[in-house]
Amino acid sequence: MRVTQSNGLDLNLLVALDVLLEEQSVGGAARRLHLSEPAMSRTLGRIRKALGDPVLVRAGRRMVPTPRALAVRAEVSAVVERARALFAPPADTDLRTVTRTFTVLCHDAVAAACGSDLFARAARDAPGIRLRFLAESHVDAPLLREGTADLEVGVIDTVAPEVRVEPLYEDRMMGVVRDGHPLLEGEVTPERFAGEVDHLVVSRRGRLRGPVDEALAGLGLTRRVVGSVGTFPASLFVVRATDLTGLISYWSVPMARALGVATFEVPLPLPPLQVGLAWHPRHDVDPAHAWLRAAVRETLVGRSRAE
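The structure presented is a predicted model; accordingly, all values stated were derived computationally and were not measured. (Residues numbered from 1 in each chain as written. Predicted model: local features only at pLDDT ≥ 70, side-chain atom pairs only at ≥ 80, totals over all residues. Heavy atoms only, no water.)

1. Quick notes on empty space enclosed by the protein
Where empty space is left in the structure can be found by rolling a water-sized probe over the atoms. Counted under the stated rule, the structure contains 1 cavity of 30 Å³ or more. Reported here for the largest cavity is a volume of approximately 40 Å³. Surrounding the largest cavity, Val104, Val110, Cys114, Leu118, Phe133, Val153, Val296 and Leu300 form its lining. Broken down by secondary-structure element, the contributors of at least two residues to the lining of the largest cavity are helix 5 (108-125) and helix 11 (287-306). Ranked by the residues each element gives to the lining of the largest cavity, the list is headed by helix 5, at 3 residues. Classifying every residue of the lining of the largest cavity by side-chain character gives 8 nonpolar, no polar and no charged. (1 Å grid on protein atoms, 1.4 Å probe; cavity = no way out; pocket = protein on both sides within 12 Å on 5 of 7 lines; lining within 4 Å. Points joined across faces, edges and corners; volume = space filled by probe spheres on them. Helix = DSSP H or I, 4+ residues; strand = E, 2+ residues; numbered from the N terminus. Nonpolar A, V, L, I, M, F, W, Y, C, P; charged D, E, K, R; others polar.)

Laid out in structure tokens, this is it:
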């Protein structure tokens with residue numbers, strides 16, 4: 001075990017002192033610490049200088065500890081054992097005994113589509129864990145770094161170098177209209193998609209343009225956007241009661257079907273959506289956070305494969 005220096009004192013001398021007092025032999029201590037005898041002798045010299053005491057003195061053919069060394073022997077051994085325990089791999093954690101609240105930053109479509117599965121999994125695996133879904137804001141903030149959120153789920157656009165990002169799968173956008181909408185009568189072409197309907201945009205920042213407009217512009221087409229809402233679930237309720245056309249992610253299709261909203265393939269070459277997870281590296285080896293990542297990962301990937 002190696003530790004760093006503090007206030008000019010090499011704390012590794014504690015480890016060497018502990019072994020020297022057990023072995024009462026420079027040669028024996030050297031073998032246990034995988035050092036040469038000259039190196040171990042130099043270490044003993046540094047210990048003597050640090051303590052202001054000979055520590056070990058020769059008595060005939062062997063070495064014996066000084067009264068000072070005997071007085072500190074138990075304390076040195078205890079400090080070294082505590083240090084070893086501190087740096088030892090964590091013991092297996094019984095998730096059923098963990099009490100935590102995790103905040104998941106995501107689009108509310110994630111909570112709407114996957115929340116029930118995640119709450120059921122928490123009740124089964126870790127009943128002391130509570131999940132708090134935090135909606136995405138129109139203002140970008142370092143919520144993972146600040147600890148406001150424990151995990152981000154969705155299309156990760158952060159560029160913070162300290163954030164861990166794990167891609168999961170590619171999603172795509174689907175068109176949505178009310179059941180029985182005239183657009184569904186016949187093939188949905190780019191021309192009909194652009195010219196026969198008015199469009200509702202989903203944007204947490206209130207934007208009225210996006211990748212659809214860029215794809216249409218590449219074909220020399222434009223569409224009429226009448227407004228925007230902040231979330232996909234809100235857009236579904238608007239679309240269901242109007243003749244507007246909206247968009248949702250493919251894995252949200254079951255939510256649209258549950259509301260009686262029809263879906264169709266968008267007749268445009270839209271860029272795929274890379275769905276993933278993001279978290280701060282301070283959570284890398286936290287067993288409870290690892291459980292959270294696994295639960296979200298398996299729920300999202302499982303749902304994407306089922307659709």
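From this point, the discussion proceeds with the structure in view.
2. Some thoughts on helix 1 (residues 12-23)
Taking 1.5 Å per residue, 12 residues should reach 16 Å; helix 1 reaches 17 Å between its end C-alpha atoms and fits that length. Burial of helix 1 is extensive: 9 of the 12 residues sit out of reach of the surface. Listing the buried residues of helix 1 in full gives Asn12, Leu13, Val15, Ala16, Leu17, Asp18, Val19, Leu20 and Leu21. Positive backbone phi, approximately 50 degrees, marks Gln24, located one or two places after helix 1. (Expected span 1.5 Å × (residues − 1). Buried < 20%, exposed > 50% of the residue type's maximum accessible area, 1.4 Å probe, protein only.)

3. Things to note about the nonpolar core
In terms of nonpolar packing, the biggest core is built from 30 residues, with Val176, Phe193, Leu236, Ile248 and Leu268 touching the most fellow members. The leading source of residues in this core is strand 9 (residues 173-178), at 4 residues. Setting aside anything within four residues of it in sequence, one finds Leu236 in contact with Val176, Ile248, Met255, Ala256, Leu259 and Val261. Among the nonpolar cores identified, the runner-up in size contains 28 residues, and Val104, Ala122, Val275 and Val301 belong to it. (Core = buried A, V, L, I, M, F, W, Y, C linked by side-chain atoms within 4.5 Å. Contact = heavy atoms within 4.5 Å.)

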